[in-house]
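# Overview (structure and organization)
Each chain, letter by letter, is given below.
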Amino acid sequence: MLTADHPRSAAPILTDDPFGREVLTDPLPFHERLREAGRVAYLPQYDLFAMGRYDDVHASLTDWQTFQSAAGVGMSNFRKEKPWRPPSLLLEADPPHHDAPRAVLEEILSPRRLRHLHAQWLADAEVLVDEILDRGELDGAHDIADVFPLRVFPDAVGLRQDGRENLLPYGDHTFNSFGPPNALVQKGQDHLGMTSAWIAAQCGREALAATGFGADIWAAADRGDITHEMAPLIVRSLLTAGVDTTVHGLSAVIHAFVEHPDQWDRLRAQPGLARVAFDEAVRLESPVQTFFRTTTRDLDIDGVVIPDSQKVLLVLAAANRDPRHWVDPDRFDLSRDPSGHVGFGMGIHQCVGQHVARLEAEAVLTAMARRIRRVDAVGPAVRHQNNTLRGWKSIPIQVVPV
Ligand code: OVM
């Protein structure tokens, strides 16, 4: 095994580009090389370290003192480079600054506070399924996964109607920006000024409806749980992380069922498995493939020294298919217990919107399972390309009613 030419390290070297077209098109071979290389590998192209084994990714996500987020969770090191936008108060913050925004948003998005949305979202999903059945042939990515979050989430936040078409491009660009400044980031620069301005304009109290997640955030500022200066940035987090992620999570579970018709039969027989199915798809596909952390000290991992202030790429997707942790990891299997997957992260930054995502997925899958007997592919599915997200641009399907 080659060793890195890093002065204080002896990590196995991987020459893969995790953000190159080859890996983004089919990341699984890279994930296996990364796991098999050792507990940590060095990627000379970007001068960064990477981890892909479940135990190590899990341990790093949980150890926020050693693997900090405030220096950015993308490739850019905020200790050395200026962030492209004011850092997120949640994603790109460490305790103690992280704690108040996190506590506020966690309460607003808690299962108890979401309960009142359940019936409405199921009714919305049933309308969508009616429309789907009328068409017969459709695109599972475009007509289901893109559509449903955009119908329910902006209303739940309390956004105005016009301009909502900015949400997906803004999220997509943000997730591209966690990678290197490659062509995918370049592509987003043209409309970024307009899109960012629209997003910023929706974060103020006056732009938001009197009820909804947005108003709840401003009410928390009035109570003094956070400052009024923090409120718009916390609303921004909802608009950044709340749509593309669920879109790609939904496309993952739709694609998984197209590929595993036996599991669709199982869901129809037992619709209560909808939530398990969604989490199993999040494990299998990892809609958020990677996040970085930055070391706060020199650390030694089995003789491999990672110096202080180094970027470490945590490959959530590799951990979610690590055969050291999962039995038959490449199988989409509703009889598995997927809990413990790191598709939503782990530790203090674990996805604060996960209950919203699960409620959306439960609504869509429950409505589909009641009315749709089969979901058949009628053409090849086409991948969406993003430096961080993995999902589908197109899943051509035919739906057969019960
Ligand atoms: C944020 C944010 C942005 C992107 C992703 C994310 C997955 C959060 O602005 O807080 O979490």
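Higher on the page you've got the structure.
Every value quoted in this text rests on a predicted model; they were computed, and no experiment measured them.

This next bit is on the site of the ligand. R85, S88, L91, F175, F178, S237, T240, A241 and F291 make up every residue found near the ligand. In the environment of the ligand, an oxygen atom lies 2.9 Å from a nitrogen or oxygen atom belonging to the side chain of R85. Side-chain polar atom of S237 to an oxygen atom of the ligand: 2.6 Å apart, as the coordinates give it. Alone, the ligand offers 300 Å² of accessible surface; in the complex the protein occludes 87% of this. The site holding the ligand turns out to be the largest cavity. Considering every element that reaches the shell around the ligand, the biggest residue donor is helix α12 (residues 231-241), with three residues. Within the shell around the ligand, the residues separate by chemical class into five nonpolar, three polar and one charged.

Where helix α9 (residues 167-177) contacts helix α10 (residues 183-201), the axes come no closer than 9 Å and their chain directions differ by 130°. By the angle class used here, α9 and α10 are oblique. Our pair here, α9 against α10, has a crossing hand that is left-handed. On α10, the residues that touch L167, P169, Y170, D172, H173, N176 and S177 of α9 are L184, V185, K187, G188, Q189, H191, L192, T195, S196, W198 and I199.

Taking burial as the measure, the eleven residues of α9 include ten buried ones, the bulk of the element. Within α9 the residues assigned to the buried category are L167, L168, Y170, G171, D172, H173, T174, F175, N176 and S177. Tucked inside the fold, the buried residues of α9 contact α8 (147-157), α10, α12, α13 (244-259), β5 (290-295) and β10 (382-384).

Attention now moves to empty space enclosed by the protein. Following the criterion strictly, the structure yields three cavities of 30 Å³ or more and no others. Considering the residues around the largest cavity, the lining is formed by 39 residues, among which A241, T245, C351, V352 and G353 are closest to the centre. Residue assignment for the lining of the largest cavity shows that the elements contributing at least two residues are α4 (99-108), α9, α12, α13, α15 (274-285), β5 and α17 (354-371). Top element by residues in the lining of the largest cavity is α12. It accounts for four residues. Empty space within the second largest cavity amounts to approximately 160 Å³. Taken together, 19 residues form the lining of the second largest cavity, with P18, L24, P27, Q289 and N387 sitting closest to its centre. Elements with a contribution of two residues or more to the lining of the second largest cavity: α1 (21-25), α2 (28-37) and β10. The class makeup of the residues in the lining of the second largest cavity is eight nonpolar, nine polar and two charged.

Moving on, we get to the nonpolar core. The biggest cluster of nonpolar side chains holds 80 residues, and the ones touching the most others in it are W121, I144, F148, F213, I217, F257 and L267. Sort the elements by how many residues they give to this core and α17 lands first, with ten residues. Filtering out sequence-adjacent residues up to four positions away, L267 remains in contact with F257, L273, A274, L334, L365 and A369. Judged by nonpolar contacts, the second largest core, of 26 residues, contains M51, Y54, F67 and V312.

Once that is clear, we can look at the sheet that holds strand β12 (residues 396-401). On the basis of which strands lie adjacent, the open sheet formed by three strands has the order β4-β12-β9 and antiparallel pairing. The strands lining the two open edges of the sheet, one partner per strand, are β4 (137-139) and β9 (372-377). Pairs of neighbouring strands in the sheet enclose a mean axial angle of 35°, with direction left out of account. Here three bridges tie β4 to β12, and the two strands are oriented antiparallel to one another. In the strand pairing of β12, L138 is matched with I397.

Conventions adopted
- Sequence order sets the numbering: in each chain, residues are counted from 1 along the sequence as written.
- At least 70 in pLDDT is required for a residue's local features to be given in this predicted model, at least 80 for side-chain atom pairs to be given and counted, and no such filter applies to totals for whole chains, interfaces and linings, which use all residues.
- No hydrogens and no water enter the side-chain calculation; it runs on all heavy atoms of the structure.
- Consider each residue's heavy atoms; a residue with any of them within 4 Å of a molecule or strand counts as near.
- Nitrogen and oxygen atoms within 3.5 Å of one another constitute a polar contact, given that in protein one can donate a hydrogen and the other can accept it, and given that sequence-neighbouring residues count only through two side-chain atoms.
- For accessible areas, the Shrake-Rupley method is used with a probe of radius 1.4 Å. Any residue's cover is judged against the shown protein chains and nothing else.
- Cavities and pockets are defined on a 1 Å grid built over the protein atoms alone: a cavity is a set of grid points where a 1.4 Å probe fits but cannot escape, while a pocket is an open set with protein on both sides within 12 Å along at least five of seven lines, and lining residues are those with an atom within 4 Å of any such point.
- Grid points define the cavity or pocket, and a molecule sits in it when more than half of its atoms lie within 2 Å of them.
- Strands here mean DSSP runs of E at least two residues long; helices mean DSSP runs of H or I at least four residues long; both are numbered from the N terminus.
- For this classification, the nonpolar set comprises Ala, Val, Leu, Ile, Met, Phe, Trp, Tyr, Cys and Pro, the charged set comprises Asp, Glu, Lys and Arg, and every other residue, Gly included, is treated as polar.
- In this analysis an axis means a line fitted to C-alpha atoms, helices contributing only their contacting stretch, and an angle means the value between N-to-C directions, from 0 to 180 degrees.
- Angle categories are assigned with fixed cut-offs, so that under 35 degrees is roughly parallel, over 145 is roughly antiparallel, 65 to 115 is roughly perpendicular, and the rest are oblique.
- Note on convention: near helix rotated counterclockwise from far helix by under a right angle means a left-handed crossing. Clockwise means right-handed.
- Working rule for contacts: check all heavy atoms of both residues, and any pair within 4.5 Å makes them a contact.
- To sort residues, take the accessible area from a 1.4 Å probe on protein chains only and compare it with the maximum for the residue type: under 20% means buried, over 50% means exposed, and anything in between is partly exposed.
- Grid points are joined across faces, edges and corners, and a volume is the space filled by probe spheres set on the points.
- In this description, a nonpolar core means a group of buried Ala, Val, Leu, Ile, Met, Phe, Trp, Tyr and Cys residues linked to one another through side-chain atoms lying within 4.5 Å.
- A pair of strands is treated as paired once DSSP finds two or more bridges between them.

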